[in-house]
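# Fold and contact review
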Amino acid sequence: MKLGVVGLPNVGKSTLFNAITQAGAQSANYPFCTIEPNVGIVAVPDERLEKLAALYDSKKITPTSIEFVDIAGLVKGASRGEGLGNKFLSHIREVDAIVHVVRCFEDENITHVSGAVDPVDDMETINLELILADLESVTKRLDKARGMVKTGDKKWVVEADRLQKLHDTLSAEKPIRSLSFDEEEQAFVDGLFLITSKPVIYAANIADSDLGMAEDELPMVCSLKAKAKEEGAGVIVICAKVEEELAGLAPDEKAMFLEELGIGTSGLDKLVSECYSLLGLISYLTAGEKETRAWTITRGTKAPQAAGKIHTDFEKGFIRAEIVDWQTLLELGSYNAAKEKGKVRSEGKDYVVQDGDVILFRFNV
């Protein structure tokens, strides 16, 4: 799973990225500080793993992870090649979803690329550039499809109709994700790798002095949330500067710092979890003496396909899945105890795996 972190220059995007991955991406007070995309992998927070590993005395814990790509800050005109333009666009087409960082604080020491801080204007600037980039791509495909309609092949008529629908939406300055598609149409749209078809979550970057305040007391955050709601997108409120400081602390120090701030869970943990669910993903778990591990699957995945995440042989030779809920397993103290109490279920090929299932797959190849 790959997420692109985007935003205007100097909104705190690279600072947030540093905090997410502790990868040391350069952060400075001038536009285009980030030129090549920095890539970092971060574990998805999962308290279940530690508890199950303790139960099994596991030698290794392997959480599921998200790959974050810090994409260079863009400006108005990026779709036409302004700033880093097409270089930026090629990177963002490869991600599964977008984390759009928006500045929601004033600071005279940090310049703003347009001269004034306006979260809604900032988000619209980037969204419009992404729409224009998609419009250019769709227009080229549509022109080709229209030309091929003359051959009499009906597939080009269907393609031209689908592309026209996308073209009309983009021309109205609306993202492709605002449309709904049937299964065939969705497969077609997925093959176009359009930027605005990707799900998005907005990260409202606030000042450290605003931490602990109610969100309705922060006018910039309120305006951003209202605009995001119009397109059905969520907003996570973070302070990138504080998150970067937290990232460098030991776990016990981090817990103390969070308690002092009165915020309980770090913004990054919330962001990672929100991004995970944004893509409709869940985790099932495997546990044993050698390793306790989380496996990422799409919500709605059936048991054989879930088994295939571990190894293709598991899916090919699938017989059954022995399943117990992670909380039940912890409460009863062992897999054998859960089995004796009748809490371990034997499920077949049609079983839809649930988040938090602890699974032992039976297979034969």
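In case you missed it, the structure is sitting above this.
Now for a look at the structure at hand.

About the criteria used
- Residues numbered from 1 in each chain as written.
- Predicted model: local features only at pLDDT ≥ 70, side-chain atom pairs only at ≥ 80, totals over all residues.
- Heavy atoms only, no water.
- Helix = DSSP H or I, 4+ residues; strand = E, 2+ residues; numbered from the N terminus.
- Phe/Tyr/Trp six-rings, centres within 6.5 Å; stacked < 30°, edge-to-face > 60°.
- Buried < 20%, exposed > 50% of the residue type's maximum accessible area, 1.4 Å probe, protein only.
- Salt bridge = Lys/Arg side-chain N within 4 Å of Asp/Glu carboxyl O.
- 1 Å grid on protein atoms, 1.4 Å probe; cavity = no way out; pocket = protein on both sides within 12 Å on 5 of 7 lines; lining within 4 Å.
- Points joined across faces, edges and corners; volume = space filled by probe spheres on them.
- Core = buried A, V, L, I, M, F, W, Y, C linked by side-chain atoms within 4.5 Å.
- Contact = heavy atoms within 4.5 Å.

Here we come to unusual backbone geometry. Phi angles above zero are rare outside glycine, and Asp-57 is one such case at about 55°. Here Asp-57 lies in the loop between α2 (47–56) and β3 (61–62). A positive phi angle, near 60°, is found at Glu-173, a position not held by glycine. Assignment of secondary structure puts Glu-173 in the loop between α5 (154–171) and α6 (183–190).

The next point concerns the packing of aromatic side chains. The geometry of two aromatic rings is summed up by the distance between their centres and the angle between their planes. Taken as a whole and assessed by the stated rule, the structure comprises four aromatic pairs. Taking the centre distance of 5.8 Å and the plane angle of 85° together, the rings of Tyr-284 and Phe-361 count as edge-to-face. One end of the pair, Tyr-284, is in strand β8 (residues 281–286); the other, Phe-361, is in strand β12 (residues 357–363), with 77 residues separating them in the sequence. According to the relative accessible area criterion, Tyr-284 is buried, its value standing at 0%.

Turning to the pattern of salt bridges, a few remarks are in order. All told, the structure shown has 21 salt bridges when counted by the stated rule. One salt bridge in this structure joins Arg-293 and Glu-291, with 3.9 Å as the shortest N-O distance. The exposure class assigned to Arg-293 is partly exposed, which follows from its relative accessible area of 27%. Note on Glu-291: relative accessible area 23%, which makes it partly exposed. Note that Lys-302 and Asp-350 form a salt bridge whose closest N and O atoms lie 3.8 Å from each other. Within this pair, whereas Lys-302 is found in the loop between β9 (292–298) and α11 (303–308), its partner Asp-350 is found in the loop between β11 (345–347) and β12, the two being separated by 48 residues in sequence. We classify Asp-350 as exposed; its relative accessible area is 64%. Within the structure, one salt-bridge network assembled from shared partners comprises Arg-320, Glu-322, Lys-339 and Arg-362.

A word on the environment of Gly-342. As for its position among the elements, Gly-342 is in the loop between α14 (335–340) and β11. In sequence terms Gly-342 and Val-324 are 18 residues apart; their C-alpha atoms lie 9.7 Å from each other.

Per the counting criterion, the structure on display carries one cavity of 30 Å³ or more. Each pocket or cavity is described by its volume, and for the largest cavity that value is around 40 Å³. Arg-162, Lys-165, Leu-166, Phe-181, Glu-185, Phe-188 and Val-189 are the residues that line the largest cavity. Of all the secondary-structure elements, those providing two or more residues to the lining of the largest cavity are α5 and α6.

The subject of this paragraph is the nonpolar core. Membership of the largest hydrophobic core comes to 57 residues, with the highest contact counts inside it found for Leu-16, Ile-66, Phe-68 and Leu-271. Discounting residues that sit within four places of it in the chain, Phe-68 has contacts with Leu-3, Val-5, Phe-17, Ile-20, Thr-21, Asn-38, Val-39, Gly-40, Val-42, Val-99 and Val-272.

Function cannot be read off these values alone, since they describe shape.
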